[in-house]
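Notes for the structure review
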Amino acid sequence: MQVPTDPDVDLHDPRQRRELTPTLLAVIALGGALGAVTRYGLAEAIPDGPFAIWVVNVSGCLLIGVLMVFVTDVWPAQRYVRPFLGVGFLGGYTTFSTAMVDVRDLTEAGRAGLGLLYLGGTVLAAVVAVAVGWYATRALVVRRQAAAR
């Protein structure tokens, strides 16, 4: 049986539960640890405040867009790329839960308007970043494939 590339499983289904091999879980855990360390380093390099988390989340979404092209068009047969980079690394790197804590903190500090702007700006920038990452990477891959012909 081949290990699937998609680790999203229904744990109530015994057939799907078998997909979670120790190797797959280790690959995801390693990616998550590296992503969390990278997030910490970047957040420490940016001045305090919600902007550091915004940069982390938006850059992570940009990378998710890039990764989507690579796992579908460039490396589709690599069984551990998506679990390691997508679920693990980028899952550990991005932290939308911390962004929501920042929104709550801004609201509780009497800056509800800024909190709402931060919330909407985060969601909008994240969606745009995924699209930009996907479209730009897809254009580069198509151009490179055409030049190789």
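Residues numbered from 1 in each chain as written. Predicted model: local features only at pLDDT ≥ 70, side-chain atom pairs only at ≥ 80, totals over all residues. Heavy atoms only, no water.

Re the packing of helix 3 (residues 50-74) against helix 4 (residues 81-93)
- Their axes nearest at 10 Å, the elements helix 3 and helix 4 cross at an angle of 175 degrees. Put simply, helix 3 runs roughly antiparallel to helix 4. Residues Val56, Ser59, Gly60, Leu63, Ile64, Leu67 and Val71 of helix 3 form the contact with helix 4, whose own contacting residues are Val81, Arg82, Leu85, Gly86, Leu90 and Tyr93.
- For the contact of helix 3 with helix 4, the class distribution of residues is nine nonpolar, three polar and one charged. (Axes fitted to C-alpha atoms, helices over the stretch in contact; angles between N-to-C directions. Helix = DSSP H or I, 4+ residues; strand = E, 2+ residues; numbered from the N terminus. Parallel < 35°, antiparallel > 145°, perpendicular 65-115°, else oblique. Contact = heavy atoms within 4.5 Å. Nonpolar A, V, L, I, M, F, W, Y, C, P; charged D, E, K, R; others polar.)

Let's talk about the pattern of salt bridges
- The final tally for this structure, using the stated rule, is four salt bridges.
- For arginine 138, the salt bridge goes to aspartate 73, with nearest N and O atoms at 2.8 Å. Of this pair, arginine 138 sits in helix 6 (residues 112-148) while aspartate 73 sits in helix 3; the two residues are 65 residues apart in sequence, bridging distant segments of the chain.
- Using a relative accessible area of 27% as the deciding quantity, one classes arginine 138 as partly exposed.
- Its salt-bridge partner being arginine 104, residue glutamate 108 comes within 3.9 Å of it at the nearest N-O pair. Here the residue glutamate 108 and the residue arginine 104 both occupy positions in helix 5 (residues 96-108), the gap between them amounting to four residues, near one helical turn.
- With relative accessibility at 44%, the residue arginine 104 sits in the partly exposed group. (Salt bridge = Lys/Arg side-chain N within 4 Å of Asp/Glu carboxyl O. Buried < 20%, exposed > 50% of the residue type's maximum accessible area, 1.4 Å probe, protein only.)

With respect to helix 6
- Between its terminal C-alpha atoms helix 6 stretches 53 Å, which fits the 54 Å expected from 37 residues at 1.5 Å a residue.
- Considered for burial, the residues of helix 6 that qualify are Gly115, Tyr118, Thr122, Ala125, Ala126, Ala129, Gly133, Thr137 and Val141. (Expected span 1.5 Å × (residues − 1).)

A word on a nonpolar patch on the surface
- On the surface, Leu62, Leu124, Val128 and Val132 cluster together to form a nonpolar patch covering roughly 340 Å² of accessible area.
- When residues in the nonpolar patch are grouped by element, the largest group, three residues, is from helix 6.
- Summarising the element assignment, valine 132 is placed in helix 6.
- For valine 132, a relative accessible area of 44% translates into the label partly exposed. (Patch = residues over 30% accessible without salt bridge, like charges linked within 9 Å, V, L, I, M, F, W, Y side chains within 5 Å. Areas by Shrake-Rupley, 256 points an atom, 1.4 Å probe, with all protein chains shown as cover.)

Some words on the nonpolar core
- Counting residues in each nonpolar core, the largest one holds six residues, listed as Val56, Leu67, Val81, Phe89, Leu90 and Tyr93.
- Secondary structure elements with two or more residues in this core: helix 3 and helix 4.
- Ranked by residue count, the leading element in this core is helix 4, at four residues. (Core = buried A, V, L, I, M, F, W, Y, C linked by side-chain atoms within 4.5 Å.)

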